[in-house]
Amino acid sequence: MIPTARPPRRWPWRLAALFAVIVAVSVVWVTNAFLTERFTESTRNRAEVRLALYSGNLMSALQRASVVPLLLSRDPALIGALTSSDYSQTTQRLISYLDEIGAQSLMLLDHEGRAVAATDRARLGSTHRQEPYYIDALRGEGTVFSTVQRDSGAFAFSYSRRIEVGGNLAGVIVVGVDLRQFESSWAGFSDAVMVTNSEGQIVLATESRWRGLSEEEALARRSATGAIARAIQATNDWTALPADAYVAGEAVMRQSTRIPFQGWRMTSFTTSASVRERVNGVLALEIMGFALLIAAGSFWASRRATNRSNFFQRESADLRALNVALQREIAERKKAEKNLEVAEQTVAQTSKLAVLGEMSASVSHELNQPLAAMKTYLAGARLLVQRKRPDEALASFHRIDDLIERMGAITRQLKSYARKGGDAFETLDLRSSVSAALAMMEPQLKARDVAITRSVPAAPVPVVADRIRVEQVIVNLLRNAIDATKDVDEPQIAIILSAGDNAVLSVRDNGTGIHDLDALFEPFYTTKAPGDGTGLGLAISSGIVSDLDGRLTARNGREGGAVFEMSLPIRSDVQHAAE
């Protein structure tokens, strides 16, 4: 009798397969929960960083524009135009200011609310008595901010300030602020962003249909072409994320922050699509791995069954194709993150270049002095060469070379600022800065036959400062002293440097003195004839000394003339070492 073959035991393989499936499901479930939480937190953190960047840029634009009405309200040309009713050059003057201050528009209203000058010539002659910016400027004491919703639904933002002459209303200056530019930059990402005022009304939004509504009303609307409808596709499967808010029934993550400006708030809605894609990518890799293991075991267990072997082979090919697709998706996500980093770096560099433009105005103002000195030295050198005195002419050329080096140092300040702040600070002897400034001003002093009295201590006077900017302040004070003594028969200038708790440099002259001490350091204030000065020298010098933790003051001398004093902190460790 032939023994019958025992049927193979299939239950151990079935138990092993069941155990493998349980392990795979458990691992995938735990991985899904862990990665969902982790990637959601990462996406939320990036959204918070972008929200902080957006609010910071918005606040920076508002603060930068808020000082413009104060400066323009003190512009002598605008005040003179309102007083004389001669507005022939006023519009062109406002247009010239537009690029420098970075405002959207400028408009000058007379006391009746009529536009007498505007960068938009189409608004000339229009009446604005009923506009909020005109009414708020008349009621307010200083610069006021106004928001006006146009017929199109968009909001217009402006700063305004009243201009008074002799205590009476002369007009109102209105500075338009372009905040719509931020909407286009925000819309470049997958987030939807909106800004609400203190009343909860949306004044800025990447979705145009949201403007003028409350947040609840906006979320109830659905825009087929909006960023949310394009980007979010919330799912109800086992990878769904917890929702912070719902837009037209679809889930998003909501982030909100307070803007320190009139109770404004900024809110962003971030899609969870990227989180789902990243989680699903990892889960797909895990599933693929488990599937490959199961396929390999099944292949070795049932290698005699050709049909099942072919089935697992086809399944493996499909999984490999899925792996390639997932790798391609991961590469695209990394490229998108890199583009985001480049955009953030571009925004930071743009902000720095805006401040760099403001610094270039003061640097170009200071280049005129070395150029004038070079012209005088060249004229003297030409005369000495004609008289066959080459040695003395060579000395003039050496001085011209020093002036060229100084001009190069001034322009290097801009490059130093663009790289890193504080690189130009060094420990210097204030006596050498006084000597360098006197050497630069020597041609003007000789031309005016000014008697110089200099008193400096024998010991060094160490301070930590920027050498070029300190010499720039001293040259400004000497130039003002020369101008103040132009009508004096025997002009005299005294320079006194003393060292105590602080280093104090006094520049005194025997001129006519200072008539208005309160307005002396304000921009555009000058006692010179039109065309002889811009009124920026002392304002720039005061700002430089303040940046060096010092103080620049002015007063009238007891025996006449003016006295300017620059006080800078002495570096204590160097002073104690000298003692």
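Here goes a summary of the coordinates provided. Quick caveat, the model's predicted, so the values are computed rather than measured.

1. Remarks on the nonpolar core
Right, on to step 1. If you look at the biggest cluster of nonpolar residues, it comprises 47 residues, and the most contacted ones within it are Val-470, Ile-474, Leu-478, Ile-493, Phe-564 and Met-566.
Right, on to step 2. By residue number, the principal contributor to this core is helix H14 (residues 467-484), which donates 8 residues.
Right, on to step 3. Residues in contact with Leu-478, not counting those within four places in the same chain, are Ala-437, Leu-438, Met-441, Ile-493, Ile-495 and Val-507.
Right, on to step 4. Core analysis: the next-biggest nonpolar cluster, separate from the first, contains 23 residues, Phe-157, Leu-179, Phe-182 and Met-266 among them.

2. Some remarks on the pairing of strand S6 (residues 192-196)
Right, on to step 1. Taken across its 5 residues, S6 has 5 buried, putting it largely inside the fold.
Right, on to step 2. Residues of S6 alternate between two faces, with Ala-192, Met-194 and Thr-196 on one and Val-193 and Val-195 on the opposite face, all of them buried.
Right, on to step 3. The sheet contact formed by S6 and strand S7 (residues 202-205) spans 3 bridges and is antiparallel. From the neighbouring strand, Thr-196 faces S7, where its bridge partner is Ile-202.
Right, on to step 4. Where S6 folds back on S7, the antiparallel hairpin that results is connected by 5 residues, among which Gly-200 adopts a positive phi of roughly 80°.

3. Some remarks on the environment of Ala-17
Right, on to step 1. Among the secondary structure elements, Ala-17 is positioned in helix H1 (residues 11-66).
Right, on to step 2. Sequence spacing of Ala-17 and Ile-294 is 277 residues, and the spatial spacing of their C-alpha atoms is 7.5 Å.

4. With respect to the sheet that holds strand S2 (residues 115-118)
Strand pairing in a sheet is mediated by backbone hydrogen bonds. Such pairs are either parallel or antiparallel.
Right, on to step 1. Ordered in space as S2-S1-S5-S4-S3, the 5 strands form an open sheet in which the pairing is antiparallel. The open sheet terminates on both sides in strands that have one partner only, identified here as S2 and strand S3 (144-149). On average, each strand axis in the sheet is inclined to that of its neighbour by 25°, with strand direction left out of account.
Right, on to step 2. Strand direction decides the pairing type here: S3 and strand S4 (residues 155-165), joined by 6 bridges, are antiparallel. When the bridges of S4 are listed, Val-144 appears paired with Ser-160.
Right, on to step 3. Together, strand S1 (105-110), S3, S4 and strand S5 (168-177) form the strand contacts of helix H5 (residues 132-139), whose direction differs from that of S3 by roughly 155°.

So, how was this worked out
- Residues numbered from 1 in each chain as written.
- Predicted model: local features only at pLDDT ≥ 70, side-chain atom pairs only at ≥ 80, totals over all residues.
- Heavy atoms only, no water.
- Core = buried A, V, L, I, M, F, W, Y, C linked by side-chain atoms within 4.5 Å.
- Buried < 20%, exposed > 50% of the residue type's maximum accessible area, 1.4 Å probe, protein only.
- Helix = DSSP H or I, 4+ residues; strand = E, 2+ residues; numbered from the N terminus.
- Contact = heavy atoms within 4.5 Å.
- Pairing = 2+ DSSP bridges.
- Axes fitted to C-alpha atoms, helices over the stretch in contact; angles between N-to-C directions.

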